[in-house]
Each structure stands twice: as structure tokens, then as C-alpha cells.
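Chains, contacts and geometry: an overview
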Amino acid sequence: MSLSLGIDFGTSGARAIAIDSSRNIIAEVHYPFTNANFQDWQKALFYLLDNLGDSVRSELKSIAINGTSSTVLLCDNWGNPLSEAILYNDARGIAFLEAIKAIAPPHHPVISATSSLAKLLWWSEQEIFSQARYFLSQADWLAFLLHGKLGISDYHNALKLGYDLENLCYPDWLENLPMFNLLPQIFPPGTAIDTIKPDLVTRFAIPKDCLIYTGTTDSIAAFLASGANSLGDAVTSLGSTLVLKLLSSQKVDNSNYGIYSHRLGNLWLTGGASNTGGAVLKKFFSHEELRNYSLAIDGQKESHLDYYPLLKAGERFPINDPFLPAKLTPRPDNPLEFLHGLLESIARIEALGYQRLQELGANKLERVYSAGGGAKNPTWRIIRQRHLGVPVLLSQQDQAAYGTALLAQQSVTLLK
Ligand code: ADP
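The model shown is predicted, which means the values in this text are computed figures rather than measured ones. (Residues numbered from 1 in each chain as written. Predicted model: local features only at pLDDT ≥ 70, side-chain atom pairs only at ≥ 80, totals over all residues. Heavy atoms only, no water.)

In the vicinity of the ligand, 14 residues are found, and the nearest of them are Ser240, Gly278, Gly372, Gly373 and Asn377. Contacts to the ligand include Gly373, whose backbone N or O atom sits 3.0 Å from an oxygen atom. Relative to its free-state accessible area of 590 Å², the ligand is covered by the protein chains to the extent of 69%. Listed by contribution, the elements that provide at least two residues to the shell around the ligand are helix 9 (278-284) and helix 10 (287-295). The element best represented in the shell around the ligand is helix 9, accounting for 4 residues. Along the lines of polarity and charge, the residues of the shell around the ligand split into 5 nonpolar, 8 polar and 1 charged. (Near = heavy atom within 4 Å. Polar contact = N/O pair within 3.5 Å; in protein donor to acceptor, adjacent residues only side chain to side chain. Areas by Shrake-Rupley, 256 points an atom, 1.4 Å probe, with all protein chains shown as cover. Helix = DSSP H or I, 4+ residues; strand = E, 2+ residues; numbered from the N terminus. Nonpolar A, V, L, I, M, F, W, Y, C, P; charged D, E, K, R; others polar.)

Right, dumping it as C-alpha cells:
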């Protein structure tokens, strides 16, 4: 048996999934964490390898790792982090937004307070910066722990650094920066970099020819896991927020709406994220209520309650209005009716989101896979299908680690 291992570093924990050549899951290990930084990630990585079991480890032929997008580290010449990593949602780079706007093309994804580039510029003004030799993303650093090579990344993790995904090179406006020498060399996701380090072969009894591949980001890994693989296929993530991704032949970037495109082989994965979603449902209903009330709702019937469910004012996609107020009235006395109105309204926002992506140039929507906590709600699926007008399916697998295992196995056909 030869096995491939995908390792996901998400916001609430790390997970490893090993698959066989028929894509069956052979082993799965989870390590929960909150507010973790590089010391915890290293511990988590070795915990996962330790707990896979001897028989799984002895059959490993490939490993890839995904991290959260724009979680970054500044390292010395030997790969030691010079300070705590800056996490994906840390907006300390806001002071550098104007400087970025002055050099980057309009609507570029680096124009954001949380972009990797904004974090690099913030670091460039700190005292430790003089010792810096490598600027890496979380997935790059964790892969380095396995293969020992520094200064290597993939074009998914490099998007918010400013790498030119069309021409597959760094643009002049980045090359001209004084700190350009810290940036990694970029490879396609799923590129073999080297075999696993000899000390790990000894420590974990992993075959010495096990290859370590470049990784991806957690949300792309979840897309790869879903089964979506042709033009017009989309994945909606119904988690705390509502995140849409649509596979397209056309690249779409619009920083006003927070829309950007990742490259997937010769295609583009266009996407946007709305602030509506499950977090609002959770505010009004328990898990059991969501399940039981939903089952009692007739999804074929339209609720005419027209809400814009938000936890706080402000929205970017599909409506760009930083002051957009939440609309949660009129609230009927019957909780079933209220929930029906909420599910219907979020479905309308989802449909508007796909409409927006298509208006801006993405391919016609053909099929929507669903992932996240709300995906398993059958009533919602019926409601969403009514608004989307295309088949709404459940993702085949919804763990990012599974998508990253496919990447390690070299079986993501879109990347060939
Ligand atoms: P996160 O984005 O935080 O990782 P998950 O993907 O785990 O979230 O999804 C959690 C969300 O799913 C919660 O906000 C919850 O409201 C929503 N959810 C859970 N069960 C249901 C359900 N039966 N119907 C609709 N939404 C649900």
C-alpha cells in the first residue's frame, strides 16, 4: 500500500488525513488548538505524525501541508522565527495600505490591511528586521520542518504577497522593494521539493524516499476536497460566514468587493466572502433548534421575510457598504417562520454573490457543492437550489486535510 498524507493547519486546530491510491481515508488524527503560534504548530505537526500509527507511517510516500492564508513568519538564516508569527486576521498592516496602493495595480488582493505584503512592510520597521533572512507563510515553514529547505512557497500562499499569477513571476513593483531578497521562490502547489529529513526518518520510521510537496491554503484545500472540478462548479461554505468560490476560465479581481482569484492550473478560482452566515443563526437558535425547526419547514415554499442577517453593521460582498445595517425585522412570533426567513434571506445573498461573480466575468454557474456546518441542512439545500437554479450538492469530503492529501498524491487533475 502506498499512502499520501495531507496536513491541514486551520484556525481551530490541525488535522492529518492519510489516503490510499483509491482515495480512501486510511487514518485521521486531530490536534485542537486556539490562538496558536509557531511553537504550537511545531508541536501539533509532530503530534499528528506520532499518532498516525506505525503501519500508516511506514507506507507514506508523500506529504503536503496547507496553512491559513496570510499567516506569516519572519525567519533567520536557519529558519528560526525571529518573533511570533503574524496571524491571518491581524490588521496591524493597516498603516501601510496607502504605501501598497501607491505601488500595486488597482484592485489587487495585496491592498488589504491583512495581506502578507502589509505584514512584511510592518515588520520592515521593527528592530529585528535586520536579522531577517526569510519571509515565509505558515505552510512553507511547516514544510521546511519536514524537508529542511528554506525560501520555498507555492502560488496559492503567495497570492496575497503580490506574486503575479498570470505570468508566474514576481512583478517589478515587488522586485523593486528593498526587502525583496527575503521573498521565497514560488512553485505550483503540489510540486515535489525534497525527501523527508533523515532525522525524521529515524524518529518516526517514515520511508526515507517519502517526498514533501508544496502546499496550499486551507480554503483552497477545502475546495479540492469537495469534488468540484469543472468550469462553472462552485463551493459554498456555510460556516460562521458565507464564502463562495466559483471555478472560471476568467480571472476576476475587485478589491472593492473583496473578490480575488486564485490560480488552479490553467483555470481561476474566483471567490468572495460575505459577513452573513451561520454565526447569525447561532445567535438566535441552538444546534438542536436549527436541526429540528429546519426539518419542520417546507423549503419549496418561499418565505417573503426579507432580512440581511449580520452580527454587526458592515458588508463587503456581494454588497460593498461598510455601514450596511443588519436587517432582522419584522420578527414573527413563530420561531419556525423566523428561521425560514433567515435561511431564505441568506440563500438570496448567496445567489446575489454568484450573480456578482458572473457579472464581473466569471463563468456561468453550473453546480454548487456545499461545505461547513450549514451544508448538512436538507431544507436549506432545497431553498438554496430554488434561488440558485442549479443542482446543490454536498461536498464529497469537507476536510481541508483531504484536499491536501489529494495534492500530495498528485491526483488534482486541475493542476496537471
Ligand atoms: P466555522 O466557519 O466557524 O468553521 P462551521 O463550518 O463549523 O463553522 O459551521 C458552524 C456554523 O454552522 C454555525 O455558525 C451554525 O450556525 C451553522 N449550523 C450548524 N448546524 C446547522 C444547521 N442544521 N442548519 C444551518 N446552520 C447550521
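Once that is clear, we can look at the UniProt feature "domain: Carbohydrate kinase FGGY N-terminal" (unreviewed entry) in the protein. Following the UniProt record, the feature "domain: Carbohydrate kinase FGGY N-terminal" (unreviewed entry) maps to residues 4-224 here. Along residues 4-224 the backbone is 27% helical and 24% strand, and the end-to-end C-alpha distance reaches 15 Å. (UniProt positions renumbered as here; feature names shortened; annotations may be inferred.)

Once that is clear, we can look at the packing of helix 1 (residues 38-50) against helix 5 (residues 138-147). Between helix 1 and helix 5, whose axes approach to 11 Å, the crossing angle comes to 50 degrees. By the angle between their axes, helix 1 is oblique relative to helix 5. You can see that helix 1 and helix 5 cross each other, and the crossing is right-handed. Between helix 1, through Phe38, Trp41, Gln42, Leu45 and Leu49, and helix 5, the contact on the second element is made entirely by Gln138, Trp141, Leu142, Leu145 and Leu146. Split into classes, the residues belonging to the contact of helix 1 with helix 5 amount to 8 nonpolar, 2 polar and no charged. (Axes fitted to C-alpha atoms, helices over the stretch in contact; angles between N-to-C directions. Parallel < 35°, antiparallel > 145°, perpendicular 65-115°, else oblique. Left-handed = near helix turned anticlockwise from the far one by under 90°. Contact = heavy atoms within 4.5 Å.)

Turning to helix 12 (residues 378-388), its buried residues number three or more, namely Thr379, Trp380, Ile383, Arg384 and Leu388. Angularly, the buried residues of helix 12 cover 160 degrees about the axis, an arc narrow enough to put them on a single face. Buried residues along helix 12 sit in contact with strand 12 (233-238), helix 9, helix 10, helix 11 (335-359), strand 16 (367-371) and strand 17 (392-394). Backbone nitrogen of Thr379 and a side-chain oxygen of the N-cap are separated by 3.1 Å at the start of helix 12; the cap is Asn377. Residue Gly389 follows helix 12 closely and has a positive phi angle near 70 degrees. (Buried < 20%, exposed > 50% of the residue type's maximum accessible area, 1.4 Å probe, protein only. Arc of directions from axis to C-beta.)

Turning to the domain arrangement of the protein, a few remarks are in order. Each domain of the protein was delimited in the assignment, giving domain 1 (1-218 + 400-412) and domain 2 (226-395). Each of domain 1 and domain 2 has a C-alpha centre, and these two points are 29 Å apart. For the pair domain 1 and domain 2, the number of links is 0 salt bridges. Remark: the boundary between domain 1 and domain 2 carries 6 residue pairs in polar contact (both at pLDDT 80 or more). Among the residues making up the side of domain 1 that touches domain 2, the classes are represented as 5 nonpolar, 3 polar and 2 charged. (Domains from an automatic or database assignment. Salt bridge = Lys/Arg side-chain N within 4 Å of Asp/Glu carboxyl O.)

A few words now on the environment of Asn66. Following the sequence through the fold, Asn66 ends up in strand 4 (residues 60-67). A residue is classified by how much of its surface remains accessible, and Asn66, at 0% relative accessible area, is buried. For the pair formed by Asn66 and Trp380, sequence separation is 314 residues and the distance between their alpha carbons is 30 Å. A polar contact is formed between the side chain of Asn66 and the side chain of Thr404, at a distance of 2.8 Å.

Turning next to helix 4 (residues 116-123). Counting buried residues along helix 4, 7 of its 8 residues qualify, which places the element largely inside the surrounding structure. Residues of helix 4 that are buried include every one of Ser116, Leu117, Ala118, Lys119, Leu120, Leu121 and Trp123, and no others. Where helix 4 is buried, its residues contact strand 5 (72-75), helix 3 (97-103), strand 6 (134-137) and helix 6 (172-175).

Tallied over the full model, the rule gives 14 salt bridges. For Lys251, the salt bridge is made with Asp253, and the minimal N-O distance between the two is 2.5 Å. The exposure class assigned to Asp253 is partly exposed, which follows from its relative accessible area of 25%. One salt bridge connects Glu359 with Arg356, and the closest N-O pair in it is separated by 3.1 Å. Taken together, the residues Glu359 and Arg356, both in helix 11 and 3 residues apart, mark about one turn of the helix. Since its relative accessible area comes to 16%, Arg356 is described here as buried. Taken together, the salt bridges that share partners define one network made up of Glu302, Asp306 and Arg348.

The element strand 2 (residues 13-19) is largely enclosed, with a buried count of 7 among its 7 residues. Across the two faces of strand 2 the burial is the same, with Gly13, Arg15, Ile17 and Ile19 and Ala14, Ala16 and Ala18 all buried. Bridging between strand 1 (residues 3-9) and strand 2 involves 6 bridges; their strand directions are antiparallel. Paired with Ile7 across the two strands is Ala16, which belongs to strand 2. The turn joining strand 1 and strand 2, which pair antiparallel and follow one another in sequence, is formed by 3 residues. (Pairing = 2+ DSSP bridges.)

This model, assessed by the stated rule, comprises 13 aromatic pairs. Geometrically, the ring pair formed by Phe38 and Trp141 is edge-to-face, given 5.8 Å between the ring centres and 80 degrees between the ring planes. Taken together, the residues Phe38 in helix 1 and Trp141 in helix 5 connect sequence positions 103 residues apart. As far as burial versus exposure is concerned, Phe38 and Trp141 are alike and both buried. Taking the centre distance of 5.2 Å and the plane angle of 85 degrees together, the rings of Tyr163 and Tyr170 count as edge-to-face. Using a relative accessible area of 7% as the deciding quantity, one classes Tyr163 as buried. (Phe/Tyr/Trp six-rings, centres within 6.5 Å; stacked < 30°, edge-to-face > 60°.)

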